[in-house]
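Reading the structure
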Amino acid sequence: MANYRSKKRKSNASGGNTDGEVVRVRTPRKDNGEVLATVSSLLGANRVRLQCMDGVVRMGRIPGSKKKRMWVREGDIVIATPWEIQDEKADVIWKYTRPQVNWLEKKGYLK
C-alpha cells in the first residue's frame, strides 16, 4: 500500500535555526523615529505601558496587524514608534526574542 508509507522529514517546524545563534537582528531606525522600549505593564485591550530608552514613559498600542502574531508580556524588549501628534503614545512594531535581546546587550544597544 503506497498510501500508507510516510517519510519522516527532518525539518525544523519553526523555520529558524535551532541552536539559538543570532544571524540578523532588526535595530531601531532613527530616521523613522523608532526607539527601544521595555514593557513595564499590560493595560488590556492591546495596550501596554512602555519605558522607552529616551526616558519617556509611553502608552503603547499593538496594531491589529500584529495583535495575533506578537504576544507581548511584561519585561519584553520591543521597538516602538511614537505618535507625531501625541508624544506620550506609541505603536509597538517589533518584539525581540531572548537570543536577540542578548545580542543587543552585547553590542551595547541596551543600557
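All values derive from a computational prediction rather than experimental measurement.

Examining the pattern of salt bridges
A full pass over the atoms with the stated rule returns five salt bridges. In this structure, the salt-bridge partner of D76 is K95, at a minimum N-O distance of 3.7 Å. Of the two residues, D76 sits in the loop between α1 (64–67) and β4 (77–82) while K95 sits in strand β5 (residues 89–95), which places them 19 residues apart along the sequence. With a relative accessible area of 27%, K95 lands in the partly exposed category. Residues joined by salt bridges that share partners form a network here, namely D54, R58 and D87.

Examining the sheet that holds β5
Spatially, β1-β2-β3-β5-β4 is the arrangement adopted by the five strands of the closed barrel, whose pairing is mixed. Taken over all neighbouring pairs, the strand axes of this sheet differ in orientation by 50° on average, direction set aside. As defined by bridge partners, strand β2 (residues 47–52) adjoins strand β3 (residues 57–61) across five bridges and the pair is classed as antiparallel. If you follow R47 over to β3, its bridge partner there is R61.

Examining the nonpolar core
L50 and V92 are the most contacted members of the largest nonpolar core, which has 13 residues in total. Listed by contribution, the elements that provide at least two residues to this core are β1 (35–44), β2, β4 and β5. V92 has contacts with V48, L50, G60, R61, I62, P63, M70, V78, I79 and A80, leaving out every residue within four places of it along the chain. By size, the runner-up hydrophobic cluster in this structure holds eight residues, among which are I79, V101, L104 and L110.

About the cut-offs
Residues numbered from 1 in each chain as written. Predicted model: local features only at pLDDT ≥ 70, side-chain atom pairs only at ≥ 80, totals over all residues. Heavy atoms only, no water. Salt bridge = Lys/Arg side-chain N within 4 Å of Asp/Glu carboxyl O. Helix = DSSP H or I, 4+ residues; strand = E, 2+ residues; numbered from the N terminus. Buried < 20%, exposed > 50% of the residue type's maximum accessible area, 1.4 Å probe, protein only. Pairing = 2+ DSSP bridges. Axes fitted to C-alpha atoms, helices over the stretch in contact; angles between N-to-C directions. Core = buried A, V, L, I, M, F, W, Y, C linked by side-chain atoms within 4.5 Å. Contact = heavy atoms within 4.5 Å.

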